[in-house]
Amino acid sequence: MTALLSTKDVHLAYGKKEALHGIDLDFADHSITALIGPSGCGKSTFLRCLNRMNDLIPHTTITGSFQFHEQDIYAPTTNLVELRKQIGMVFQQPNPFPFSVYENVTYGLKLAGHNDRKFLDEQVERALKQAAIWDEVKDNLNKNAMSFSGGQQQRICIARLLAVQPDIILLDEPTSALDPISSAQIETTLMALKNEYCIIIVTHNLQQASRIADRTAFMLNGNLIEYDLTSKMFTKPVMQDTSDYLNGKFG
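Here is what the cut-offs are and how they apply
Each chain has its residues counted from 1, running along the sequence as written. With the structure being a predicted model, the display of local features is reserved for residues of pLDDT at least 70 and the display and counting of side-chain atom pairs for 80 or more, all residues being used for whole-chain, interface and lining totals. Side-chain numbers come from the whole structure's heavy atoms, not from hydrogens or water. The pairing criterion for strands is at least two bridges between them, as found by DSSP. Going along the chain from the N terminus, every DSSP run of H or I of four or more residues is numbered as a helix, and every run of E of two or more is numbered as a strand. Pairs of residues are marked as contacts when any of their non-hydrogen atoms sit within 4.5 Å. Any residue under 20% of the maximum accessible area for its type is buried, any over 50% is exposed, and the rest in between are partly exposed; the area is computed with a 1.4 Å probe on protein chains only. When the strands point away from the viewer, a crossover counts as right-handed if the route from the first strand across the helix to the second turns clockwise. UniProt positions are given in the numbering used here, feature names are shortened, and annotations may be inferred rather than shown by experiment. Only centres within 6.5 Å qualify two rings of Phe, Tyr or Trp (six-membered ring in Trp) as a pair; their planes then separate them into stacked at under 30 degrees, edge-to-face at over 60, and tilted for everything else. Over a ring means this: the NZ of a Lys or the CZ of an Arg is within 6 Å of the ring centre and within 35 degrees of the ring normal. Inter-axis angles, ranging from 0 to 180 degrees, are taken between N-to-C directions of lines fitted to C-alpha atoms, where helices are fitted over the stretch in contact. In these notes the angle categories are as follows: under 35 degrees is roughly parallel, over 145 is roughly antiparallel, 65 to 115 is roughly perpendicular, and the rest is oblique. Left-handed describes a crossing whose near helix is turned anticlockwise from the far helix through less than a right angle; right-handed describes the clockwise counterpart. Three classes are used: nonpolar for Ala, Val, Leu, Ile, Met, Phe, Trp, Tyr, Cys and Pro, charged for Asp, Glu, Lys and Arg, and polar for all others, with Gly counted as polar. Two residue types count as positive, namely Lys and Arg, and two as negative, namely Asp and Glu; His and chain ends fall outside the count. By convention in these notes, a salt bridge is any Lys or Arg side-chain nitrogen within 4 Å of a carboxyl oxygen on Asp or Glu. Pairs of N or O atoms are called polar contacts if they sit within 3.5 Å, as long as, within protein, a hydrogen donor faces a hydrogen acceptor (for residues adjacent in sequence, only side-chain-to-side-chain pairs).

**Remarks on the sheet that holds strand β1 (residues 3-14)**
- With antiparallel pairing, 4 strands are arranged side by side in an open sheet as β2-β1-β4-β5. Lying at the two open borders of the sheet, with one neighbouring strand each, are β2 (17-28) and β5 (71-72).
- With 9 bridges connecting them, β1 and β2 associate as antiparallel partners. When the sheet's bridge partners are listed, Ala3 is paired in β2 with Ala28.

**Considerations on the environment of Leu47**
- Of note, Leu47 is situated in helix α1 (residues 43-49).
- When near neighbours in sequence (up to four residues on either side) are disregarded, Leu47 contacts Leu35, Met89, Leu170, Leu171, Asp172, Ile200 and Val202.

**Examining the pairing of strand β7 (residues 168-172)**
- Within β7, 5 of the 5 residues are buried, which leaves the element mostly enclosed by the surrounding structure.
- Neither face of β7 is exposed, since Ile168, Leu170 and Asp172 on one face and Ile169 and Leu171 on the opposite face are all buried.
- Here strand β6 (residues 87-90) runs beside β7; their pairing, made up of 4 bridges, is parallel. Bridging across to β7, Ile87 finds its partner in Ile168.
- Inspection of the sheet shows β7 paired to strand β8 (residues 198-202) by 5 bridges, in the parallel sense. Bridge assignment links Asp172 to a residue of β8, and that residue is Val202.
- Chirality of the crossover, the property in question, places the unit of β7, helix α7 (residues 180-193) and β8 among those that are right-handed.

**Some remarks on the UniProt feature "domain: ABC transporter" (unreviewed entry) in the protein chain**
- Following the UniProt record, the feature "domain: ABC transporter" (unreviewed entry) maps to residues 5-246 here.
- The span residues 5-246 is 37% helical and 27% strand by assignment, and the distance between its end C-alpha atoms comes to 27 Å.

**A closer look at the packing of aromatic side chains**
- If you walk through the whole model with that rule in mind, you get 7 aromatic pairs.
- With a centroid separation of 4.6 Å and 45° between ring planes, the pair formed by Phe66 and Tyr74 is classed as tilted.
- Plain terms: the ring middles of Tyr245 and Phe250 are 5.6 Å apart, the flat faces sit at 50° to each other, and that makes the pair tilted.
- Tyr245 gets classed as buried once you look at its relative accessible area, which sits at 6%.
- Through successive ring pairs, a cluster of aromatic residues spans Phe97, Phe99 and Tyr107.
- In this structure, Lys143 packs its charged tip against the face of Phe148, placed 5.0 Å from the ring centre.
- When the ring centre of Tyr227 is taken as reference, the NZ or CZ atom of Arg215 above it lies at 4.9 Å.

**Some remarks on the packing of helix α3 (residues 101-111) against helix α4 (residues 117-130)**
- At a minimum axis distance of 10 Å, the contact between α3 and α4 shows a crossing angle of 110°. The orientation of α3 with respect to α4, classified from their angle, is roughly perpendicular. Of the two elements, α3 crosses α4, and the hand of that crossing is right-handed. Each of Val101, Tyr102, Val105, Thr106, Leu109 and Lys110 in α3 lies in contact with α4, whose residues at this interface are Arg117, Phe119, Leu120, Asp121, Gln123, Val124, Ala127 and Leu128.
- Each residue belonging to the contact of α3 with α4 can be placed in one class, and the counts come to 9 nonpolar, 2 polar and 3 charged.

**A few points about the side chain of Glu226**
- Turning to its location among the elements, Glu226 is positioned in strand β10 (residues 223-229).
- Lys232 provides the closest opposite charge to the buried, salt-bridge-free Glu226, at an N-O distance of 7.2 Å.
- At 2.7 Å, the side chain of Glu226 forms a polar contact with the backbone nitrogen of Val238.
- Excluding residues within four positions of it along the chain, Glu226 makes contact with Thr216, Ala217, Phe218, Met233, Pro237, Val238, Met239 and Thr242.

Below you can see the structure in the form of structure tokens.
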């Protein structure tokens, strides 16, 4: 597997309390990787390391190697705005900005200096189609994004991220606040998007991981226990802890 993003010996501490204990994970392009494990195991903490969202938390220390396009994303010269454009994030709760669908999707493009209306129109249509929400909003692009359903809002947020053409999409339990139908729509969207992107998703839903992920990483108490092809891990896990978790003995 050729890695688009490679992490080695990642440790993270909040003050003196270490939350991640030496995580080694590689992520390939055109694939979905699921991070699973019980609440508090470190999966969301690790995910936020990948575009330096933990930088916003005081007294946080992060060590290890994070290689993206053969560059260290924690190098002092890293442009955080550019990094978070290349490695974008979708959160648990849909968080559209309180303005129109069109303004949401063009937000990052305008920040980057794009103001040509024809170009913006084209990118809005492309991103909304990629996020599988175009047909539902195309006649209401000037409507406030917050007036749509939760599942629609989440896909608008995905479109907002896609508009700036990232390399990697990070998703932190993106369907946990949604109903089953909306969750299924998001899953279908992600399955289509993996043909063009590297997708890394934290999920507490084991069925979701088994349905959509190519590879799965199981974490427990800040440690990486097992990382393998999803089909293999879910049928023949190597580690007893993995087997116990997948069989519902804890978590």
